[in-house]
Structures are given as structure tokens and as C-alpha cells.
Amino acid sequence: MEGISTLENCFDTDWVCSSNEAVKIRFVRPLSETDNEHDETKVKEFTPEFTYPIFGDKEQIFGYKNLSIKLYYASGSLTTYFDVTYDKKAPLADNAVERIKEFIPNDFITNYDTFLQTIKSDSENFRPMGEKFSEYRLNDDDDRETFVTPRFKEFHRRLQIFVLFYIEAGSYIDEDDDKWEIALMHKKTVGDSKVYSIVGYCTMYMYYFLTGAGNSNENHTNAHNKPPLHLSINQGGQIRDNIRVRISQFLILPHYQREGHGNKFYQALYQSFLADPRIKEITVEDSSDRFQEIRDKNDIRFLRENRALEDLKAPVDKNVFNELQKKYKLNKRQMARCIEIELLRNLNKTDPVAYKAYRLQVKQRLYLWNEDILRQLDRAERIQKLEETFKGLEEDYYSIILQL
């Protein structure tokens, strides 16, 4: 990286900017349903959480003063307006334009007036692709949220850059692999016409579920998001039955976060998985802390509503565990977490016998999950490490219990 090294020596901090701060994101739709006019002052602007896949680990851009990289999206079709402005540019500056262009489709618009016309057209003509499988309202307002399962490419190419911006270590999926399924969530605003805006989306990979082959280890992934060869069937064609679905990327766009949409989206996905007789197990790829929290809360609430966890006590019988796992399609680790959280919620910690039984059940699972590492430690270190891990997990469980 000779050019970057030269810039670091030649420029002061005025010529270096954070790429996270330089990228400006907006989702734009007509704000008046009667005349489809757009009010620039009412559109909220966002910046990415991550840009290192585009601009490198330091997330810095060299050679500009007051750099602004505008990525504006029509809220429905995600038609993209792309523009780069700055006050000054040094001769050896990074090529910010080309770096961004590598990650967005080449059908972006550079004329802002043309972009505004597209927004108006969107409000009249854009409709979500695919099959709707759920709908809900928040706070009894006039806006409805709908879910659709599309099969598409052009739209996804506009959408996928948000995986890089808002999911740590996120990467693009292989869109030519037809075992990927993508679910979209749209907001439907009903007035003189229906206006749809993208809220979030989820990518899922449909593996073949080998009956009797044990449970998946959802935290271990393959290079390039490919299934193992022994799981590839139909020469890349659609899997017809016995599916292990793996949730890969789950994202609510920034302007809809902290409003409860993530919970509603996950609930709709889970209900669709339960209703599909082809799906035998649900797993998650490298779950983030935020998504694990959504998953834990909603899985436990559903299990409680169905009285699945009533009267359980540690140690839980293996046959009971296996029947619950099969019925509710949760993989072994997630089923264990749900049971452990519910047991802790009902546990009388002043009862030493009951608390010991609970600790032993959890520690046994932790040992089996981390056996290769723990076997390398001597007995005293192994006991200490298991106790530390148990205490940390117990603390995490209490934080979930407080939110139920």
C-alpha cells in the first residue's frame, strides 16, 4: 500500500477523514401523498457503522477536505443517487468514487432532479416482489408492515451494501446459488395510494437436513457461504424437503431500528418455518449479540405461550428435550438456551439442591460444547474456566429474563 503510506507522511489530519462519517445515507419517499412533493429538510440522514470492507481496516479516506459521499435511495425500489463532493482534493488522494462503485450496481443516478422524479414514480408504481406471508400494525397507526419473499437480483444488488454498512464482518452472498432465500419487510402507507418503503431483510440458506446426523453447530461456517459437498443435493437445485434453514443476515435499516420491527420480523419468519413441513431445523450463522437477544426473547415467549416449558426441572430428561427440539424446530444449542433461561427464571436459588442441579446441567452442556479446548487444561483450570463461563452466561440470562 505504497500510496497510503505516502499520504500518511504528507498530509495533516485536515486531509484525513473517517469513511464512516463521510458516507451519507438517506431513504427518500414523497412526504405529501396529495402532490408527491419531496421536502429535503425532513429526510433523516444516516452514516454507516462499518466501512472497512470498502475503505480498509482503519476506515479512513486520505486526500480530501470536507468530503461527502452521498448514497440516497428511493425508499421503495432502492433506486440509487450517488454523488461525491469535497472542497479540496490532493493529487495522490484515494479514489473514493471507484471504491464505492465496486460495491453498488452501475445503474445509479447522478442527477438529483432525475432522482426526485424516480421517487415520485416509485410512489405510484413500485410494489414489493414475491409472496406476502405476514402483516402487522404498530401502535394502531395507519401504516402497515408487510413481509414478502422475493426471487430477484437487481433489487438485491442495491440492497446488499447495507450488510457491509451495518453487519460486522458481513459479506455478499452468491446470488447465483438458488438455495438462498431472501425475505423482505416493507412498510405500506395507505392514503390516496399505497406507498411501500423497505424496512429490513433477511437472507437464509436452505441446507439438506440429514436425518439422524445430529445437530448443526451453527457457529461454525464454511468459506464463501457454501454448504459442505455432502449436503449439496440436486446439483444446486432447490431442496424439496428435509431442510435445515440457516439464517445468515438479519437487518432492520437504521431509520426503523428500536421500534420493535426486529421482533415482528423474527416472529413472522419463525411462524413460517414452523408451518413449512419441509423445514426440520432452524439455525443461525454467527449470531450477533443483538440478534441473539431478539432470538432468545421471541423463542422463549413462543414456547411459554404454547406451555412447552411448564413443569421442567433440572436435569431435564433427554427424551423430553429431544421431543421439544423436534416439535419447535430449534437447533440443540438454542433449545438448551431457552430451557436454561426458563429454568433460571423459576429457580429458587436458596434451594442448594435445585441450584446445584441447574449448575450441573448448564456446565455439562458448556463442557460438551467446548470439549476440545477444555481438555487441554488441567482439572483445576478446567473447573475454574467452567465456573467463569457459567457465571457470565447466568448474567446474560438474567438480562434476557428482565426483558420478558
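Residues numbered from 1 in each chain as written. Predicted model: local features only at pLDDT ≥ 70, side-chain atom pairs only at ≥ 80, totals over all residues. Heavy atoms only, no water.

*Asks:* Tell me what's going on with the overall build of the protein, and back it up with residues and numbers.
*Replies:* Along the backbone of the protein there are 14 helices and 13 strands. Counting over 404 residues, the protein shows a buried share of 49%. By sequence separation, contacts in the protein at least 24 residues apart represent 72% of the contacts at least 6 residues apart. Of the roughly 21300 Å² of accessible surface on the protein, 45% is carried by carbon and sulfur atoms. (Helix = DSSP H or I, 4+ residues; strand = E, 2+ residues; numbered from the N terminus. Buried < 20%, exposed > 50% of the residue type's maximum accessible area, 1.4 Å probe, protein only. Contact = heavy atoms within 4.5 Å. Areas by Shrake-Rupley, 256 points an atom, 1.4 Å probe, with all protein chains shown as cover.)

*Asks:* With reference to specific residues and values, describe the sheet that holds strand 6 (residues 80-85).
*Replies:* In sheet architecture, strand pairing relies on hydrogen bonds along the backbone and comes in two forms, parallel and antiparallel. Read across the open sheet, the three strands follow the order 2-5-6; overall the sheet is mixed. Across the chains shown, the open sheet's two edge strands, defined by having one partner strand only, are strand 2 (23-28) and strand 6. Across the sheet, the axes of successive neighbouring strands diverge by a mean angle of 15 degrees, strand direction being ignored. Bridge count for strand 5 (residues 68-74) against strand 6 is six bridges, and the pairing is antiparallel. For L71, the partnering residue across the bridge sits in strand 6 and is F82. Helix 5 (residues 112-125) rests against strand 2, strand 5 and strand 6 of the sheet, and its axis sits at about 25 degrees to strand 5. (Pairing = 2+ DSSP bridges. Axes fitted to C-alpha atoms, helices over the stretch in contact; angles between N-to-C directions.)

*Asks:* Describe in detail helix 11 (residues 332-346), supporting the description with residues and values.
*Replies:* In a regular helix each residue adds 1.5 Å, so 15 residues correspond to 21 Å; helix 11 covers 21 Å between its end C-alpha atoms and thus fits that length. Listed in full, the buried residues belonging to helix 11 are R333, Q334, M335, A336, R337, C338, I339, E340, I341, E342, L343 and L344. On its buried face, helix 11 sits against helix 9 (289-305), helix 10 (318-328), helix 12 (352-369) and helix 14 (379-401). (Expected span 1.5 Å × (residues − 1).)

*Asks:* Got a sec to walk through the packing of aromatic side chains? Specific residues and values, please.
*Replies:* In this structure the tally under the stated criterion is 25 aromatic pairs. Plain terms: the ring middles of F162 and F165 are 6.3 Å apart, the flat faces sit at 70 degrees to each other, and that makes the pair edge-to-face. Placement of the pair is F162 and F165 together in helix 7 (residues 161-166), with a separation of three residues, close to one helical turn. Like F165, F162 is buried. Counting every residue linked through ring pairs, the aromatic cluster contains F250, F265, Y266, Y270, F291, F302 and Y328. One Lys or Arg, R359, reaches over the ring of Y355 and ends 4.9 Å from the middle of that ring. Here the guanidinium or amino end of K363 rests over the ring plane of F390, the centre of that ring lying 5.7 Å away. (Phe/Tyr/Trp six-rings, centres within 6.5 Å; stacked < 30°, edge-to-face > 60°. Lys NZ or Arg CZ within 6 Å of the ring centre and 35° of its normal.)

Scope: geometric values only; no functional claims are made or implied.
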